[in-house]
Each structure stands twice: as structure tokens, then as C-alpha cells.
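Close look at the chain arrangement
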Amino acid sequence: MAKLVLSMDGLVLKEIALNKERMTIGRRPTNDIQIDNLAISGEHAVVVTILNDSFLEDLNSTNGTLVNSQPINKHFLKNGDVVELGKYKLKYIVDASSPGGPNYERSPERPADAPKPAPAPAPEASAPQAILSPAPVAEPMAVGYVQVLNGARAGRELKLSKELTTLGKPGRQVAVIAKRAQGYFITHVEGQSFPTVNGQMIDVQAHPLNNHDVIEIAGIKMEFFLKE
């Protein structure tokens, strides 16, 4: 599991595990990560974590958000990135045992010049042969699409081929659709109001999408559907 290490002037204040899909950072006590300093906006930034990926979004803060001393609006976090909020720093650290972590153990590969293992001896002709059933073949996952239902771009289709697809209008309402092994999920990222699915507002947790669900983000309605 990834975490953020909060520090100021080189002094570590605390560690925060990114154990929620959406964690807000700001001065108000309602934030998941509260930093009580006037240089920090009430709701300054948000970290969205989906599977093994986390990205940081500045929520139109007064003083801005820096990552590795560079101003950002949205940034996919990498191991060792340092988020700067005024005098405070948040270092993003990926657990070494997590998939994709710096010390994640994988099966050792055989060197190219290593001798090949001796082939197994062929069974004698008189030995009875086992009847093996063919291994089941995994069915390919259906590909998700969204089709715009209203506005100037009505009828336009967007293929959800990436792991994360961002939809909405920055500064007003933004959501991401994540492609997972279990299917497609929508998560709120930015904005005071949350997207709706079939007329029902979603919450802060990832919401699974079903075939022909109607999504509304920033006044734009879209139909989610699957193609084989």
C-alpha cells in the first residue's frame, strides 16, 4: 500500500496510508489529511488511488500545489515524488512489496547462457497414457464505451481502452472511469457535486458500471455500454 509522509523543515510529522480511493488535503478539519496552516486552502488538493495508481489533483487552491518543485494541476504520482504545500512536504512512497514497487519480488529469470534443463524422459510405450482435459480458455473482457447523449457532441463515442479515463470539466466536476479485471468503475475526483448514474448521485467510493447505465457529469449525459 502506498503512503504519504508529512514533514516540515526536515522533521517528519506523520505517515498517512492511502487506504481510501479519495483522500482530500486541506486546512479544514473535514479533510482526510488536515494541515492547519493559513498557506493551505480549506480544500487544497485530493489524492485519488485506483488499484496501484495514485494521482494528485489541485482543487484550485490559492497558493497552488508543487510536485518536485514544479506547479501542477493534475499529476500521476511516482515513488519518491515530493508534494509541496507551503512549508509542508508530502513524500509519496510505494510499499516495496506492492506490485510495481521498487523491491517487488518476481520469479527469477534464467540467464540466456544457462544450460537448458534436461528434457523429461519419454514414457514407455507400454505405460498407460493419462487423458488430459484441455485447459479452460479465459473469455476476453468486453470493451467499454461511453456515448454522449446531449449537447454539441451528442452521438460521439469514446472507447474506454485506458486504465483510467478522465471525464468532465476541470474546475467544475471531474470523474474517472477505471478499467479493472472485475469491470468498469466510476469515481468522483473534483467538484462540489458528485456525478449521477441512472439519476442517483454516487458517493466517494468507486461505483461499478453496468451495461447501458446513464452517467451525468457536469451537465453532460453519457450512456455506458459494452462491446465484445
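Scroll up to find the structure.
In what follows, the accompanying structure is described.

Rules behind the numbers
Residues numbered from 1 in each chain as written. Predicted model: local features only at pLDDT ≥ 70, side-chain atom pairs only at ≥ 80, totals over all residues. Heavy atoms only, no water. Helix = DSSP H or I, 4+ residues; strand = E, 2+ residues; numbered from the N terminus. Buried < 20%, exposed > 50% of the residue type's maximum accessible area, 1.4 Å probe, protein only. Contact = heavy atoms within 4.5 Å. Areas by Shrake-Rupley, 256 points an atom, 1.4 Å probe, with all protein chains shown as cover. Core = buried A, V, L, I, M, F, W, Y, C linked by side-chain atoms within 4.5 Å. Salt bridge = Lys/Arg side-chain N within 4 Å of Asp/Glu carboxyl O. Pairing = 2+ DSSP bridges. Phe/Tyr/Trp six-rings, centres within 6.5 Å; stacked < 30°, edge-to-face > 60°.

1. Side note on the overall build of the protein chain
In terms of regular secondary structure, the protein chain is built from zero helices and 21 strands. Burial status across the protein chain gives 38% buried among its 228 residues. Taking the contacts inside the protein chain whose residues are at least 6 apart along the sequence as the reference set, 36% of them involve residues at least 24 apart. Surface summary for the protein chain: the accessible area is close to 14,300 Å², and the carbon and sulfur share equals 52%.

2. Here's the deal with the nonpolar core
I25, L56 and L90 are the most contacted members of the largest nonpolar core, which totals 22 residues. For this core, the element with the highest residue contribution is strand β11 (residues 88-93), accounting for three residues. L167, I177, I186 and F224 belong to the second largest nonpolar core, which has 17 residues in total.

3. Thoughts on the environment of N79
Topologically, N79 is positioned in the loop between β9 (74-76) and β10 (82-85). For the pair formed by N79 and K3, sequence separation is 76 residues and the distance between their alpha carbons is 9.8 Å.

4. Some words on the side chain of H188
Summarising the element assignment, H188 is placed in strand β16 (residues 183-190). Given the relative accessible area of 0%, H188 is considered buried. If we skip the residues at most four places from it in the chain, H188 touches R22, V174, A175, S193, F194, P195 and I202.

5. Things to note about the environment of N31
Considering the arrangement of structural elements, one finds N31 in the loop between β3 (22-26) and β4 (33-34). Overall, N31 belongs to the buried group, its relative accessible area being 8%. Ignoring sequence-local partners within four residues, the contact set of N31 consists of T24, I25, G26, G42 and E43.

6. Focus on the pattern of salt bridges
Two side chains with opposite charge may pair up if their charged atoms get near one another. This model, assessed by the stated rule, comprises five salt bridges. A salt bridge links E21 to R180; the shortest N-O distance between them is 2.7 Å. One end of the pair, E21, is in the loop between β2 (11-17) and β3; the other, R180, is in strand β15 (residues 173-180), with 159 residues separating them in the sequence. With respect to burial, E21 and R180 carry one shared label: buried. Note that E57 and K74 form a salt bridge whose closest N and O atoms lie 3.7 Å from each other.

7. Observations regarding the sheet that holds strand β19 (residues 207-208)
Working definition: the strands of a sheet are paired by backbone hydrogen bonds and lie parallel or antiparallel to each other. Strand order across the open sheet formed by four strands is β14-β15-β16-β19, with antiparallel pairing between neighbours. Since the sheet does not close on itself, it has two edges, and those belong to β14 (164-169) and β19, each with one partner. By the bridge criterion, six bridges tie β14 to β15 in an arrangement that is antiparallel. Paired with T165 across the strands is I177, a residue of β15.

8. Comments concerning the environment of L158
By the element assignment, L158 lies in strand β13 (residues 157-159). Not counting residues up to four positions away in its chain, the partners in contact with L158 are G144, Y145, V146, T165 and L167.

9. A few points about the packing of aromatic side chains
The relative placement of two aromatic rings is captured by the distance of their centres and the angle of their planes. In total, this model carries three aromatic pairs according to the counting rule given. Their ring planes at 50° and their centres at 5.3 Å tell us that F55 and F76 sit as a pair that is tilted. Of this pair, F55 sits in strand β6 (residues 53-58) while F76 is found in strand β9, placing the two residues 21 residues apart along the sequence. Relative accessible area serves as the criterion here: at 44%, F76 is assigned to the partly exposed category. Considering the side-chain rings of Y145 and F225, the 5.6 Å spacing of their centres and the 10° angle between planes classify their relative orientation as stacked. Taken as a pair, Y145 in strand β12 (residues 143-148) and F225 in strand β21 (residues 220-227) lie far apart in primary sequence, 80 residues in all.

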